[in-house]
Amino acid sequence: MDKLDDAIRTVRELDEADDQSPLAKVHPLAKLVTALVFAVLVTSVPKYRLDLCFAMGVWLYGYAVFFRLSPGECLRRLWGLFLLLFFVGITNPILDRKVLFVMGRVNVTSGMISMLSLFLKGALTLFSAWFLAVSCGMLNILSALKAVHVPQVLLNVIYLIYRYLTLLLEEASRVFTAYRLRAPGQRGLHFSVWGSLVGSMLLRSMDRAETVYQSMELRGYQPEYAFTDSTPWNGTSSLYLILCLISMALLRFIPIFSFLGSLVMN
Amino acid sequence: MIRLNDISFAYDRSRPVLSHVSLQIGKGERVGIAGANGAGKSTLLKLLVGLLFPDPMGKTPQESGWIGIDGIQVTKKNLAAVRQKIGYVFQDSDAQLFMPTVEKDVAFAPKNYGLDAVQTQKRVEEALSLVGIEDLRKRSVLELSGGQKKLVSLATVLSMRPDILLFDEPTIALDPGNRRRFIRILPELGGTHLIVSHDLDLLLETCGRIILLSEGRIVADGDTETILRDQSLLEANGLELPLLIQGQRLASSADQRTQ
């Protein structure tokens, strides 16, 4: 129940994100392009190049510090997804046993390195998606997607799902609060009511979604809702985009960490 | 002008909600619709904005009656034109407000009607100031009180500059202060108003005409004072005299006793 309230708060924070972020003056398209390019650059890092993954991580950390974004908050909200990332390359150490080097008494295999690099790549992409969400807000992300000609029908689906998600969470919160008040001392939901409670929650949220949709229609909502830009493209956006792309590309293609490592080794 | 001609509607064929309702509401009129629960008041409003359509009740659609708004018949084809003329304030404000902040919610309709950013902002300012909630513009709609939500709902509709305003139980869950504020705002809004409410005192104060519905039929249509002072009529249709009139009667009977 508190988790539900927490989730509603998160959605609300994402809704208001565009107004409060220090990146508010940057056009959403610039932020979207930066996040997409970052994701492409990170995922294109060869699987044994941990040094490049670290370099991209340093870039992202610098970005977060500069724009006052919180990686800790991301970890707190998305810890489940980070946990899942551990399983992405879990079979690599078993299948790929070629020893690369020995660290103390441990043989470090290429499978271990590739598993770690897969985890890092996934984690960095998650962080960058989170930073985009908290610095843009959903409507601005949709307006940026519209600017790059993502089909309107897809934008509408994302928009309506996003709105429905809030309603579903609110209804869930109400249903569980009503349950909790009439089941004092009980921890969680008794399994005997799971079916009826979930069913009633879905029906109620669908009912509310229907009314909300009617309200949208009455105020002129058409399937082609105008996701208009709230921030105009300006010099700050151009500067932001150029600096981000150049710095990212430098760190991705110039192996600074390998160079520093070789200096230390020599 | 609003015209309803022989309108019938049923959610379930065995229980008609509205039966052969015909009425006319002139431009600038402020009309109250009263009736007990299930009388068909909210359904009537939904028919006006095309959220529901008249039920043929076994007849052909042509025979099921029609609704006209300023000469435009309410049909699926004409919905966009009709809805631009009508603003509907929902009974449940939570259902009406769905954007992250008050300002964005108020801007939703002008944006949808294709207004540019400058015009949209102008409409937002105008609507917020008409309702007197400029200070709420940056607030999240989820953080507002019930009364504030009601006022924001009104602003979201006013930003469309509708000719006709439909209110479904506008004072429900409002505290006396916000209720009074709503009553004060109403005459400043202009246009034609149709107010569905159980709050007969509200209708007495704000409407010049009352339509009394019972079991889907119009049982009375006329001057507010005349209908709302008719105790037997109201009681026969599941209502009571407005508190204001009850108070006046108590006061006059007390006066008579003292004389």
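Each chain carries its own residue numbering, running from 1 in the direction its sequence is written. Chains and ligands are labelled by the order in which they are written, letters from A for the one and numbers from 1 for the other. Where local features are concerned, this predicted model is filtered to residues with pLDDT of at least 70; where side-chain atom pairs are given and counted, the filter is 80 or more; whole-chain, interface and lining totals use all residues. Side-chain metrics in this entry use all non-hydrogen atoms of the structure; hydrogen atoms and water are not considered.

### Points about unusual backbone geometry
- The residue H149 of chain A is not glycine, and still its phi comes out positive at about 65°.
- A run of H or I in DSSP counts as a helix once it spans at least four residues, and a run of E counts as a strand once it spans at least two, with each numbered from the N terminus. Position of H149 of chain A relative to the elements: it lies in the loop between α8 (138-147) and α9 (152-181).
- Residue H149 of chain A is classed as exposed on the basis of its relative accessible area of 70%.
- Its identity as a non-glycine residue notwithstanding, E215 of chain B has a phi of 45°, on the positive side.
- Mapped onto the elements, E215 of chain B comes out in the loop between β9 (209-214) and β10 (217-223). Only protein chains enter the calculation, and the probe is 1.4 Å; a residue is then buried if its accessible area is under 20% of its type maximum, exposed if over 50%, and partly exposed in between.

### Description of the sheet that holds β9 of chain B
All names here are of chain B.
- A sheet is described by the order of its strands in space; here six strands give the open sequence β6-β7-β8-β3-β9-β10, paired in mixed fashion. Two strands in the sheet have a free side with no partner beyond their single neighbour: β6 (86-89) and β10. Taking each pair of neighbouring strands and ignoring which way they run, the sheet shows an average axis angle of 15°.
- A strand pair is defined by DSSP finding two or more bridges across the two strands. Where strand β3 (residues 30-35) meets strand β8 (residues 192-196), four bridges bridge the pair, whose relative direction is parallel. Bridged to G32 within β8 is I195.
- Against the sheet, helix α6 (residues 146-158) makes contact with β6 and β7 (164-168), and its axis sits at roughly 165° relative to β6, the strand it touches most.
- Contacts between helix α7 (residues 176-189) and the sheet are confined to β3, β7 and β8, with β7 contributing the most and set at about 160° to the helix. A fitted line through C-alpha atoms represents every axis, and for helices the fit uses only the stretch in contact; the resulting angles, taken between N-to-C directions, go from 0 to 180 degrees. Residues are treated as being in contact if the distance between any of their heavy atoms lies within 4.5 Å.

### Some points on the packing of helix α5 (residues 117-131) of chain B against α6 of chain B
Residue and element names in this part refer to chain B.
- Where α5 meets α6, the axes come as close as 9 Å, and the angle between the chain directions of the two elements is 140°. Here α5 is positioned oblique relative to α6, judged by the angle of their axes. Crossing hand, α5 versus α6: right-handed. Facing A127, L128, L130 and V131 of α5, the residues of α6 in contact are L151, L154, A155 and L158.
- In this classification, Asp, Glu, Lys and Arg are treated as charged, Ala, Val, Leu, Ile, Met, Phe, Trp, Tyr, Cys and Pro as nonpolar, and every other residue, Gly included, as polar. In terms of residue class, the contact of α5 with α6 is made up of eight nonpolar, no polar and no charged. Put simply, angles under 35 degrees are roughly parallel, angles over 145 are roughly antiparallel, angles from 65 to 115 are roughly perpendicular, and the rest are oblique. Here is the rule for handedness: rotate from the far helix to the near one, and if that takes an anticlockwise turn smaller than a right angle the crossing is left-handed, while a clockwise turn gives right-handed.

What is shown is where atoms sit, not what they do.
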